[in-house]
Amino acid sequence: MSKTTMLVWVIVILVVLNITTVVTYHYIQRETSVEQESLLIMSEGKRLTGSQFRHILNFDNEQMDSFRKENRHFQPRFRHIIYSIDSLKSEMFTELQQADMDSVVLDSLAAQIGLLHADLKRETILFYIRIKAVCNQEQQAKLKTVFSPLFTAESAQGEVMERLGKHKRVKE
């Protein structure tokens, strides 16, 4: 094999390697952006993403841009509140395991969790209102269906509580 042929093959291999690297980079960027668009609304046990919102609500490009903008504002706040609630719940469980658990501490933790939960609902409400504002009538009806698990007893926890309630016997 001549030196020129060898160099051509090296160049071809380097070009293929570069193309593979660029494609991989763009694929990872796309996957990361989809994950960042992910909205923690459990609808039928699934996390909804921005692309699913586009599909379910039939968003056009302008509506999708509005969704992304609002979601970028909502997600960090949402995650911070959820993290705080989870941390307090963990602290509460640790306190419950103590032989000499302090009911004042437990009550304080419960109150803090309640306040954070109220903050979470407020953030969710604002997000919903902002997304609803860019929707037409048909999309608003679909948006209602998407968000209903967060506000009705039809959520997963609500279904469990509802089933538990059906098995209770009422003494007369």
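Refer to the preceding data block for the structure.
Treat the numbers as computed from the prediction; the structure is a model and nothing was measured.

Basis of the calculations
- Residues numbered from 1 in each chain as written.
- Predicted model: local features only at pLDDT ≥ 70, side-chain atom pairs only at ≥ 80, totals over all residues.
- Heavy atoms only, no water.
- Helix = DSSP H or I, 4+ residues; strand = E, 2+ residues; numbered from the N terminus.
- Contact = heavy atoms within 4.5 Å.
- Polar contact = N/O pair within 3.5 Å; in protein donor to acceptor, adjacent residues only side chain to side chain.
- Core = buried A, V, L, I, M, F, W, Y, C linked by side-chain atoms within 4.5 Å.
- Buried < 20%, exposed > 50% of the residue type's maximum accessible area, 1.4 Å probe, protein only.
- Expected span 1.5 Å × (residues − 1).
- Bend = angle between axes of the 7 residues up to and from the residue.
- Arc of directions from axis to C-beta.
- Patch = residues over 30% accessible without salt bridge, like charges linked within 9 Å, V, L, I, M, F, W, Y side chains within 5 Å.
- Areas by Shrake-Rupley, 256 points an atom, 1.4 Å probe, with all protein chains shown as cover.
- Salt bridge = Lys/Arg side-chain N within 4 Å of Asp/Glu carboxyl O.
- Axes fitted to C-alpha atoms, helices over the stretch in contact; angles between N-to-C directions.
- Parallel < 35°, antiparallel > 145°, perpendicular 65-115°, else oblique.
- Left-handed = near helix turned anticlockwise from the far one by under 90°.
- Nonpolar A, V, L, I, M, F, W, Y, C, P; charged D, E, K, R; others polar.
- Phe/Tyr/Trp six-rings, centres within 6.5 Å; stacked < 30°, edge-to-face > 60°.

Caption draft 1: A look at the environment of R54. With respect to the element layout, R54 can be found in helix α2 (residues 50-57). The spacing of R54 and F67 is 13 residues in sequence and 9.1 Å in space, taken between C-alpha atoms. Every residue in contact with R54, bar those within four places of it in the chain, is listed here: F59, D60, N61, M64 and R68. A polar contact is formed between the side chain of R54 and the side chain of N61, at a distance of 3.2 Å.

Caption draft 2: Spatial organisation of the nonpolar core. Formed by 23 residues in total, the largest nonpolar core has its most connected members in F53, F59, F67, I131, L143 and F147. Excluding residues that lie within four positions of it along the chain, I131 makes contacts with F59, F67, E70 and L143.

Caption draft 3: A look at helix α3 (residues 61-96). The end-to-end C-alpha distance of α3, which contains 36 residues, comes to 50 Å, matching closely the 52 Å that a straight helix rising 1.5 Å per residue would cover. Of all the bends in α3, the largest measures some 25° and sits at F74, one to four residues before the proline P76. For α3, the capping residue at the N-terminal end is D60, with a side-chain oxygen 3.1 Å from the backbone nitrogen of E62.

Caption draft 4: Layout of α2. Taken together, the buried positions of α2 are occupied by G50, F53 and L57. What you see down the axis of α2 is that its buried residues fit within an arc of 50°, all on one side. Immediately beyond the C-terminal end of α2, within one or two residues, lies N58, with a positive phi of roughly 60°.

Caption draft 5: How the structure looks around a nonpolar patch on the surface. A cluster of nonpolar side chains, M1, M6, V8, W9, V10, V12, L14, V16 and L17, forms an exposed patch at the surface whose accessible area comes to about 900 Å². Note that M1 resides in the segment before α1 (3-37). Judged by its relative accessible area of 79%, M1 falls in the exposed class.

Caption draft 6: Quick peek at the pattern of salt bridges. As enumerated under the stated definition, the model contains five salt bridges in all. When the shortest N-O distance is used, the salt bridge between R130 and E70 registers 3.8 Å. A residue pair is termed long-range when its members are at least 10 positions apart, and R130 in helix α4 (residues 103-133) and E70 in helix α3 qualify at 60 residues. A salt bridge links E138 to K142; the shortest N-O distance between them is 3.4 Å.

Caption draft 7: A look at the packing of α2 against α3. Running from amino to carboxyl end, α2 crosses α3 at an angle of 140°, the nearest separation of the two axes being 11 Å. What the angle tells us is that α2 and α3 run oblique. Remark: the crossing between α2 and α3 carries right-handed chirality. Every residue of α3 that contacts α2 at G50, S51, F53 and R54 is listed here: N61, M64, F67 and R68. Per-class residue counts for the contact of α2 with α3 are three nonpolar, three polar and two charged.

Caption draft 8: Unusual backbone geometry, seen in detail. The phi dihedral of N58 falls on the positive side, at around 60°, and the residue is not glycine. By the element assignment, N58 lies in the loop between α2 and α3. What makes N58 exposed here is its relative accessible area of 58%.

Caption draft 9: Just the packing of aromatic side chains, in detail. Scanning the model with the defined rule gives six aromatic pairs in all. For the ring pair F74 and F127, a centre distance of 4.5 Å and an interplane angle of 20° mean the geometry is stacked. Highlighted residues: F74 in helix α3 and F127 in helix α4, separated in sequence by 53 residues. Judged by its relative accessible area of 5%, F74 falls in the buried class.

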